Amino acid sequence: GENVEQHPSTLSVQEGDSAVIKCTYSDSASNYFPWYKQELGKGPQLIIDIRSNVGEKKDQRIAVTLNKTAKHFSLHITETQPEDSAVYFCAASTQSGGGADGLTFGKGTHLIIQP
Amino acid sequence: ETGVTQSPTHLIKTRGQQVTLRCSSQSGHNTVSWYQQALGQGPQFIFQYYREEENGRGNFPPRFSGLQFPNYSSELNVNALELDDSALYLCASSLPYRNSPLHFGNGTRLTVT
C-alpha cells in the first residue's frame, strides 16, 4: 500500500518569513495530493490540493509543487502570519475522495509562527 | 451550507465495552468515510460508505463496523474496545465524483480505560 513520509515534524519560523513542508510517497499510482490544516480541537481542513497532471498550484499565500518522477510534493506558505500556526498534514490517494483505499496521511508538521 | 457534524464530542468507555459514534454528512454529500487519528499521528482510513454499502476498508479488524442511512448520515461501531482504540475518530464526507475532496468533521474523542 501507499506510504507517505512528511518532514519536518516541527517547524518554527519568524512571522513574515516563508515555511516549506515536504512529503514523499511510495505508490506511483497515486495522483491526488491534498494538504490539510488542523487546529487544536478541530478536524482537518483542506487548504489546497494538486492532481498529477499539474506541477504547481497557488492560492494566495499558499502554493504546492509536485514532482511525480521523484515522488515528492511540497507545501509553501509565504508571508506567514500567527494564524498559520497549526499542524499540517499531507496526503496521497489514487482518487480525490480517497476512494476505496482512502487517503494515506503523513504524520504531520507542527508549524509555529514566532511573533 | 451545513458542514460535517459528529456526536458526541467526547466519550469515555471501559475496555471490552461497545461504542457507537454518529456523523451527519455535509449537505449534498452522499459518500462518508471514517478515519482514526491517534495522538500525534495522521488520520488512518477505516472505511468508506456509498449508497449504504461499504465500498472500501483500511487495515482495521472486523470489530470496527459501520452503517450509512438513506439520508447519508453514518455510524461507526466498535465492539470489544481495547485501550489502543483511544483516539480521535473523524468522519469525512464527499461527493462521489472523481475530483470531489474530503471535508472532515471535528471528530469524537474516545478514551478507553
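Student: Pulling in residues and values, what's your account of the pattern of salt bridges?
Tutor: Residues and elements named next belong to chain B. Under the defined criterion, the tally for this structure stands at 9 salt bridges over all chains. Ionic pairing is found between Glu 82 and Arg 63, a salt bridge with its closest N-O pair at 3.3 Å. You can see Glu 82 sitting in the loop between strand E8 (74-78) and strand E9 (87-94) and its partner Arg 63 sitting in the loop between strand E6 (53-57) and strand E7 (64-68), a full 19 residues away along the chain. You can call Glu 82 partly exposed: its relative accessible area is 40%. Of the charged contacts in the structure, one is a salt bridge between Asp 85 and Arg 63, with a shortest N-O distance of 2.8 Å.

Student: Could you give an account of the sheet that holds strand E7 (residues 62-67) of chain A, naming the residues involved and the relevant values?
Tutor: Residues and elements named next belong to chain A. Taking strand neighbours across the sheet as the criterion, the 5 strands line up as E1-E3-E8-E7-E6 in an open arrangement whose pairing is antiparallel. Two strands in the sheet have a free side with no partner beyond their single neighbour: strand E1 (4-7) and strand E6 (56-59). The average undirected angle you get between the axes of adjacent strands in this sheet is 15°. With 6 bridges joining them, strand E3 (residues 19-25) and strand E8 (residues 72-77) adopt antiparallel strand pairing. Within the sheet, the bridge partner assigned to Thr 24 lies in E8 and is His 72.

Student: Residue-level account of the pairing of strand E11 (residues 108-112) of chain B, with values.
Tutor: All names here are of chain B. Covered by surrounding structure in E11 are Thr 108, Leu 110 and Val 112 only, the residues Arg 109 and Thr 111 on the alternate face being uncovered. Direction of pairing for strand E2 (residues 10-13) relative to E11: parallel, over a ladder of 4 bridges. Across the sheet, residue Leu 11 finds its bridge partner in E11, namely Leu 110. In the sheet, E9 pairs with E11 via 3 bridges, with the strands oriented antiparallel. Looking across to E11, one finds that Leu 88 is bridged to Arg 109.

Definitions and cut-offs
Residues numbered from 1 in each chain as written. Chains lettered and ligands numbered in written order. Predicted model: local features only at pLDDT ≥ 70, side-chain atom pairs only at ≥ 80, totals over all residues. Heavy atoms only, no water. Salt bridge = Lys/Arg side-chain N within 4 Å of Asp/Glu carboxyl O. Helix = DSSP H or I, 4+ residues; strand = E, 2+ residues; numbered from the N terminus. Buried < 20%, exposed > 50% of the residue type's maximum accessible area, 1.4 Å probe, protein only. Pairing = 2+ DSSP bridges. Axes fitted to C-alpha atoms, helices over the stretch in contact; angles between N-to-C directions.

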